[in-house]
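Take a look at the letters that make up each chain.
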Amino acid sequence: PAPGELLLDVDRVRKQFGGLVAVNDVSFQIHAGEIIGLIGPNGAGKSTTFNLVSGVLSKTSGRVSFRGEDVSALASREIARRGMSRTFQHVKMLPDMTVLENVALGGYLRSSAGMAQAMLRLDRDEERRLFREAERQLERIGMKEQMHELAGNLALGPARLMEIARALCTDPALLLLDEPAAGLRHKEKQALAAVLRQLKSEGMSLLLVEHDMDFVMNLTDRIVVMEFGTKLIEGTPAEVQDSPEVRAAYLGT
Ligand code: ADP
Ligand code: MG
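First, a word on scope: everything that follows refers to the structure included in this document. (Residues numbered from 1 in each chain as written. Chains lettered and ligands numbered in written order. Predicted model: local features only at pLDDT ≥ 70, side-chain atom pairs only at ≥ 80, totals over all residues.)

Brief notes about the sheet that holds strand 3 (residues 35-39)
Argument step 1. Ordered by their spatial adjacency, six strands build an open sheet running 6-7-8-3-9-10, and the pairing between neighbours is mixed. The open sheet has two edge strands with one neighbour each: strand 6 (84-86) and strand 10 (230-235). Within the sheet, the average angular offset between the axes of one strand and its neighbour, ignoring direction, is 20 degrees.
Argument step 2. Where strand 6 meets strand 7 (residues 174-178), three bridges bridge the pair, whose relative direction is parallel. Within strand 7, the position partnered with Ser85 by the bridge is Leu175.
Argument step 3. Docked against the sheet, helix 1 (residues 46-53) engages strand 3, strand 7, strand 8 (205-209) and strand 9 (222-227), running at close to 150 degrees with respect to strand 7.
Argument step 4. Strand contacts of helix 7 (residues 186-201): strand 3, strand 7 and strand 8, with the helix running at about 145 degrees to strand 8, the strand carrying the most contacts. (Pairing = 2+ DSSP bridges. Helix = DSSP H or I, 4+ residues; strand = E, 2+ residues; numbered from the N terminus. Axes fitted to C-alpha atoms, helices over the stretch in contact; angles between N-to-C directions. Contact = placed C-beta atoms within 7 Å.)

So, in structure tokens, the structure goes:
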């Protein structure tokens, strides 16, 4: 995408779980090259919004367009194929396989019709291509040295990076990360931030759902703040930090 191109247009998306309005007509946009943060107190509707955007949950109403195409009705796999990739809050891995195998397999499952077909159709050329791509993405995020380690032996920081490498295998224009810094130690957070900045410098756009205020403040171009399912405010990190409503809602001061 050209820098500044409108990538993601979230237009009044809504999700009701029975009588509970978890996401109440929320709108925001992401342009190519931006890192956007989505923050708010627990239960604000961040994860639900994220799932609506990535097609993991169906919307009660509203519209999501990606690169000019209405993707509201598409399944998550179809959305991923169009260049929007995501990670999940809890690391998903096959602990007895190597980092490289985890990334290669994840890349395949994202780009194909599923496990059964993966088994049937995986010819040698395709397999080689997948492993080359997985290796390339691990090198890109600085994990090439660890690619032959068992995934189950990784600390949480490298495990999160492995998940990012896997999401990168489909060559996304937009990467959605669900609480990537949660539970990480200071050093690991710094390493993660460096990788995310590098991806941005390579032209990628990112949407981060995050609890860690400092992490979001230092990394993002713009922040969307949610409370009780609605968008409270949107602005630069400085604007959000100075907003009395945000201090009241989010920081409790
Ligand atoms: P956040 O990620 O900001 O903490 P969530 O999006 O997870 O918030 O949740 C928003 C609200 O929707 C919460 O009140 C939560 O309990 C509710 N909720 C989330 N998922 C479901 C579900 N599958 N069924 C019923 N209620 C849900
Ligand atoms: Mg959540």
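Concerning helix 6 (residues 156-168)
Argument step 1. Over its 13 residues, helix 6 runs 19 Å from end to end, which matches the ideal 18 Å to within 8%, given 1.5 Å per residue.
Argument step 2. The buried fraction of helix 6 is high, at eleven of 13 residues.
Argument step 3. The complete set of buried residues in helix 6 reads Pro158, Ala159, Arg160, Leu161, Met162, Glu163, Ile164, Ala165, Arg166, Ala167 and Leu168. (Expected span 1.5 Å × (residues − 1). Buried ≥ 20, exposed ≤ 12 C-beta atoms within 10 Å, placed from the backbone.)

Observations concerning the environment of Gln146
Argument step 1. As for its position among the elements, Gln146 is in the loop between helix 5 (124-140) and helix 6.
Argument step 2. Sequence separation between Gln146 and Val99 is 47 residues; the distance between their C-alpha atoms is 7.1 Å.
Argument step 3. Once residues within four sequence positions are removed from consideration, Gln146 is found in contact with Val99 and Pro158.

Some details on the site of ligand 1
Argument step 1. In the region of ligand 1, the neighbouring residues are Phe17, Leu20, Ala22, Gly40, Asn42, Gly43, Ala44, Gly45, Lys46, Ser47 and Thr48.
Argument step 2. Secondary structure elements with two or more residues in the shell around ligand 1: strand 2 (20-31) and helix 1.
Argument step 3. Considered class by class, the residues forming the shell around ligand 1 number four nonpolar, six polar and one charged. (Near = placed C-beta within 6 Å. Nonpolar A, V, L, I, M, F, W, Y, C, P; charged D, E, K, R; others polar.)

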